[in-house]
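Fold and contact review
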Amino acid sequence: MNQSEFNIHALYDNDDLMINSIKILIKKKITIYEVYTPFPVHNLDKLLELKKTNLSFLSFLYGFFGFFLASILTWYTMIYDWPQNIGGKPAFSWVRNLPAFIPVIFEFSIFFSAHFMCITYLIQCKLFPGSYPKNPDPRTTDNLFLIEINTKNNVKKLLNLLKKNGAMEVNVKRIV
Amino acid sequence: MLTNHESTSIRKPLIIGNKTFQNITEDILNPIERKVGTLWWISFFISILAFFWGLGCIFYTLNTGIGVWGLNRTINWAWDITNFVWWVGIGHAGTLISAVLLLFRQKWRLSINRSAEAMTIFAVIQAGLFPIIHMGRPWNAHWVLPIPNQFGSLWPNFNSPLLWDVFAISTYFSVSTVFWFMGLIPDFAMIRDRVKNPIKKKIYGILSFGWGGRSKDWKRFEEISLVLAGLCTPLVFSVHTIVSFDFSTSVIKGWHSTIFPPYFVAGAIFSGFAMVQTLLGVARKVLSLENYITRNHIEYMNMIILLTGGIVTLAYISEFILAWYSNNPFEKFIYFSVKAATGPFWWAFWILIICNVLIPQFLWIKSIRRSFFWSYIIAIIINIGMWFERFDIIVLNLSHDYLPSSWTGFIPTFVDVGIFIGTIGFFFVLYLLYIRVFPVISQSELKTILKSSKTSINITKK
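A few points on the structure. (Residues numbered from 1 in each chain as written. Chains lettered and ligands numbered in written order. Predicted model: local features only at pLDDT ≥ 70, side-chain atom pairs only at ≥ 80, totals over all residues. Heavy atoms only, no water.)

Quick look at the state of the cysteines now. Under the defined criterion, the tally for this structure stands at zero disulfides over all chains. Here B:Cys232 stays free of any disulfide, with the sulfur of A:Cys118 as its closest cysteine sulfur at 9.0 Å. (Disulfide = S-S within 2.5 Å.)

Further remarks concern the side chain of B:Arg214. Checked against the element boundaries, B:Arg214 lands in the loop between helix H7 (198-207) and helix H8 (215-248). When residues no more than four places from it in sequence are discounted, the contact partners of B:Arg214 are A:Glu34, A:Val35, A:Tyr36, A:Cys125 and A:Lys134. (Helix = DSSP H or I, 4+ residues; strand = E, 2+ residues; numbered from the N terminus. Contact = heavy atoms within 4.5 Å.)

So, on to unusual backbone geometry. Residues and elements named next belong to chain A. Positive phi values are uncommon outside glycine, yet Asn43 reaches one of about 75°. With respect to the helices, strands and loops of the structure, Asn43 is situated in the loop between strand S2 (34-36) and helix H2 (44-47). Residues other than glycine seldom take positive phi values, yet Glu49 does so here, at roughly 50°. You can see Glu49 is positioned in the loop between H2 and helix H3 (55-81). Residue classification places Glu49 among the exposed residues on the basis of a relative accessible area of 70%. (Buried < 20%, exposed > 50% of the residue type's maximum accessible area, 1.4 Å probe, protein only.)

The next subject is the environment of B:Ser238. Locating B:Ser238 in the fold gives a position in helix H8. Through-space distance from the C-alpha of B:Ser238 to that of B:Asn113 is 21 Å; in sequence the pair is 125 residues apart. Look past the residues within four positions of B:Ser238 in its chain and what remains in contact with it is A:Phe106 and A:Glu107.

Residue and element names in this part refer to chain B. The final tally for this structure, using the stated rule, is 69 aromatic pairs over all chains. With 5.7 Å between their ring centres and 50° between their planes, Phe247 and Phe264 make a pair best called tilted. Pair noted here: Phe247 is in helix H8 and Phe264 is in helix H9 (residues 260-286), with a separation of 17 residues, a long-range link. Comparing Phe247 with Phe264 shows no difference in burial state: the two are buried. Ring centres of Phe260 and Tyr263 lie 5.8 Å apart, and the angle between their planes is 70°; on these two criteria the pair is classed as edge-to-face. Of this pair, Phe260 and Tyr263 both sit in helix H9, three residues apart, roughly one helical turn. (Phe/Tyr/Trp six-rings, centres within 6.5 Å; stacked < 30°, edge-to-face > 60°.)

Take the pattern of salt bridges next. The tally for this structure, following the rule as stated, stands at 13 salt bridges over all chains. Close ionic contact of A:Glu34 with B:Lys216 constitutes a salt bridge, the shortest N to O distance being 4.0 Å. Placement of A:Glu34 in strand S2 and of B:Lys216 in helix H8 is noted, with the two residues assigned to different chains. A:Asp142 is the partner of B:Arg194 in a salt bridge, and the nearest nitrogen-oxygen pair spans 3.0 Å. Residue B:Arg194 is found in helix H6 (residues 161-194), and its partner A:Asp142 is found in the loop between helix H4 (94-124) and strand S5 (145-151); the two belong to separate chains. A single salt-bridge network, built from bridges that share partners, covers A:Asp137, A:Arg139 and A:Glu169. (Salt bridge = Lys/Arg side-chain N within 4 Å of Asp/Glu carboxyl O.)

Below, the structure is given as structure tokens:
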């Protein structure tokens, strides 16, 4: 990408037009660098062949970690470190006391699963408080859809193609 | 996923007024950019007054001790736990609308989910205050957490339902907040890119985390929304189930009941939806959201109120029949029994029946179910009824315990009333501030159903 000469932004005011344009670009084997949309557009990920995200699996792992931690915590505090005999019901076995620990183990699992998944998501997307806006045009968070293409040559031909396929505005920037 | 556009012609439009993507942006931005009206200031002034009154009562309690409440040796839990359960219940509809309805692909949630989520968070804050104040020494509140300490082997008791509450409520609060904030990020970015005031631009720039709406980010966003919804759904059910364990794991007659967990969950959804109706009724008018919060939304919510109200009524009937059939002399005094209806707390019993069982039945009539005015009135009545339900469960059951020599009544003091009113004030202060500075509708999600709404309009016109 660093060797590219031009950075092209094609803006659309309709998601169907943008999807149609992407299909044509893919057919013509033009590499799309990025697509910015104001809302999640159906099937866009399949068209761009985006990799399946691993967030749900990671969430499961984090939940499992929470489950494990809560199990250790209840065992250590209630059975190992301070086994109390409450109302003639001694706390000498974690398994036998397990029904009473289920609410806490469940809540821990959910807590870890949800929070760590969101933190991972923010890190993966490079989203941090106050970081610089990633959209090249502020209108993409409102009503416009943007296709970003980095190319070396045939700029004029590409511009005509984009305009012909419904782009309401095409901006070109020389980047090298 | 969120982007599923499929819609049939028999679906009623969820957005009216022939809106465009930009119209939605402007309508959501409008309350944030424009100056507030007199109505907002009046509401804010009343709320903050109530809040300060409540704050004064809390300080009085902390300085003097909880002896200033109307509690006695028999009724040792009264308004505090009533208010706690009531507020937690109110908090339930928010997550239900966001999470459960997302899993069921219910698009009508989109106009109301943001406000409902905010309501959840603000309601859980109020709920959390009561157990802390009830401790009498809130500066030691951290002792409920399993923190290593200088007292040797001393840990909180994980066998206790009250400790389960600590973990359930705090997890519910933090996960709901995360769910809410994650959904807000794209909307904050929209405000950041539109707002003209440089200070506001800076603040929303920080809050939006640099969101740009890249296709990869949206894909991940949809994934975490769905997983969070999947995590929040059992969480909603677990939280009120655990709250009901406070009662059902005890040996008090009328409390020691296996029906409590499902009955409390249904009751929570019932009262939560009533509060959503109450808040959205105000927000719709004050923020001019008539095109987004339509009669259809009101009707769908009323249908859920009817369903959960039916479940709650069934639980009431079961309790009544079981108390009668057991022929246990102490069961005759439980909150659903002949003595409850005719004894010293008959008024509380009948308020509950009228508000929760009889009045909601009017919602079977379509014109009432679709009426903004009547829905609003019925929602307020249900809120009152659900408060009395919790009051009846706690005070009626405790008032006539196993020792007839300790039977007693309960009269709240001005401090009890003050703290309750104070939490209502605090709740509305938070909500009023929220509607001024946060996008009240999830605009990025709402835009996904704009086209299907338009199709429906055209077909309906034909």
